[in-house]
Amino acid sequence: MSVPVQVFNASSLAISVTVNQGTPFAVAATGASSNWAPSVPTSGGPTWTPGYPSPNVLGQNAPNTISASVNGTVIGSPLTFTLPSSQFTSVQLYIFFATMSSVTWMVLVDGSIVTQQTLAAAVKHDAVK
């Protein structure tokens, strides 16, 4: 059974995504002209196996790692996650980021959240003098 894997970029900047240290693939930006609908890979993208993960292949038998960058600068830090061992029909990976150090990753299986991670940049507050 083939399980489609979709990667969505919810940012106004194009990103490069790497799955399990595979070859990076591009995911276009979104914006007002597309009603902020998340963009999908322009080519390539990951696939799935019920076995072990490998470069650009998500697997169920061990943790997977995904990372993203803009013009070579890594966004936040990579996300490591495990897919459920049960059967499913689709995988969706969402990437939301406001700055290079503030990112939210969401992994869904059949539309239900498997894992979510938010990395927020530290906010500096100057003391009132």
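Residues numbered from 1 in each chain as written. Predicted model: local features only at pLDDT ≥ 70, side-chain atom pairs only at ≥ 80, totals over all residues. Heavy atoms only, no water.

Novice: I'm lost on the overall build of the protein in this one. Help?
Specialist: For the protein, the helix and strand inventory stands at 0 helices and 11 strands. In sequence order, the protein lays out its α and β elements as β-β-β-β-β-β-β-β-β-β-β. For a compact globule of 129 residues, the expected C-alpha radius of gyration is about 14 Å, and the protein comes in at 16 Å, within 12% of that figure. Considering the protein as a whole, with its 129 residues, one finds that 39% of them fall into the buried category. Sequence separation of 24 or more characterises 46% of the internal contacts of the protein that already satisfy a separation of 6 or more. Accessible area of the protein: about 7100 Å², with a carbon and sulfur share of 55%. (Helix = DSSP H or I, 4+ residues; strand = E, 2+ residues; numbered from the N terminus. Rg over C-alpha atoms; globule rule 2.2 N^0.38 Å. Buried < 20%, exposed > 50% of the residue type's maximum accessible area, 1.4 Å probe, protein only. Contact = heavy atoms within 4.5 Å. Areas by Shrake-Rupley, 256 points an atom, 1.4 Å probe, with all protein chains shown as cover.)

Novice: Explanation requested: the packing of aromatic side chains in the structure shown.
Specialist: The geometry of an aromatic ring pair is captured by the separation of the ring centres together with the interplanar angle, meaning the angle of the planes. Tallied over the full model, the rule gives 3 aromatic pairs. Both rings, one in Tyr94 and one in Phe96, keep their centres 6.0 Å apart while their planes meet at 5°; by these two values the pair is stacked. On the accessibility criterion, Tyr94 (22% relative accessible area) is partly exposed. Grouped by ring-pair contacts, the aromatic residues Phe8, Tyr94 and Phe96 constitute a single cluster. (Phe/Tyr/Trp six-rings, centres within 6.5 Å; stacked < 30°, edge-to-face > 60°.)

Novice: What is the right way to read unusual backbone geometry from this model?
Specialist: Leaving glycine out, the prevailing phi sign among residues is negative, and the prevailing peptide bond configuration is trans. One non-glycine residue with positive phi stands out, namely Asn71, at about 50°. A positive phi angle is found at Asp110, which is not glycine, with a value near 50°. The class for Asp110 is partly exposed, based on a relative accessible area of 38%.

Novice: It is not clear to me how the sheet that holds strand 9 (residues 91-99) should be interpreted in this structure. Could you clarify?
Specialist: Remark on secondary structure: sheet strands pair via backbone hydrogen bonds, oriented parallel or antiparallel. The 4 strands are arranged 1-9-10-11 in an open sheet whose pairing can be described as mixed. Of all the strands in the sheet, just strand 1 (5-9) and strand 11 (112-119) have a single pairing partner and so form its edges. Adjacent strand axes in the sheet meet at a mean angle of 10°, parallel and antiparallel pairs treated alike. As paired strands, strand 9 and strand 10 (residues 102-109) are joined by 8 bridges and run antiparallel to one another. The residue of strand 10 that forms the bridge with Tyr94 is Met106. (Pairing = 2+ DSSP bridges. Axes fitted to C-alpha atoms, helices over the stretch in contact; angles between N-to-C directions.)

Novice: Can you walk me through the environment of Pro53 in this structure?
Specialist: Along the chain, Pro53 turns up in the loop between strand 4 (47-49) and strand 5 (57-59). C-alpha of Pro53 to C-alpha of Pro63: the two residues are 10 residues apart in sequence and 7.4 Å apart in space. Aside from chain neighbours lying at most four places away, what touches Pro53 is Asn20, Leu58, Gly59, Ala62, Pro63 and Asn64.

Novice: When you look at the side chain of Ser11 in this model, what are you seeing that I'm missing?
Specialist: Tracing the backbone shows Ser11 in the loop between strand 1 and strand 2 (15-19). Side-chain polar atoms of Ser11 contact the backbone nitrogen of Leu13, separated by 3.0 Å. Excluding residues that lie within four positions of it along the chain, Ser11 makes contacts with Ala29, Thr30 and Phe97. (Polar contact = N/O pair within 3.5 Å; in protein donor to acceptor, adjacent residues only side chain to side chain.)

Novice: Quick question: what am I supposed to make of the nonpolar core here?
Specialist: Burial of nonpolar side chains together is a common tendency in soluble globular proteins. One finds Ile15, Val17, Leu83, Leu93 and Ile95 to be the most contacted residues of the largest nonpolar core, which totals 26 residues. Listing elements by their share of this core, those giving two or more residues are strand 1, strand 2, strand 3 (25-27), strand 6 (64-70), strand 8 (79-81), strand 9 and strand 10. Those residues within four positions of Leu93 in sequence are excluded, and the remaining contacts are Val5, Gln6, Val7, Phe8, Leu58, Ile66, Phe81, Met106 and Val107. (Core = buried A, V, L, I, M, F, W, Y, C linked by side-chain atoms within 4.5 Å.)

So far we have only geometry, and geometry alone does not tell us how the molecule works.
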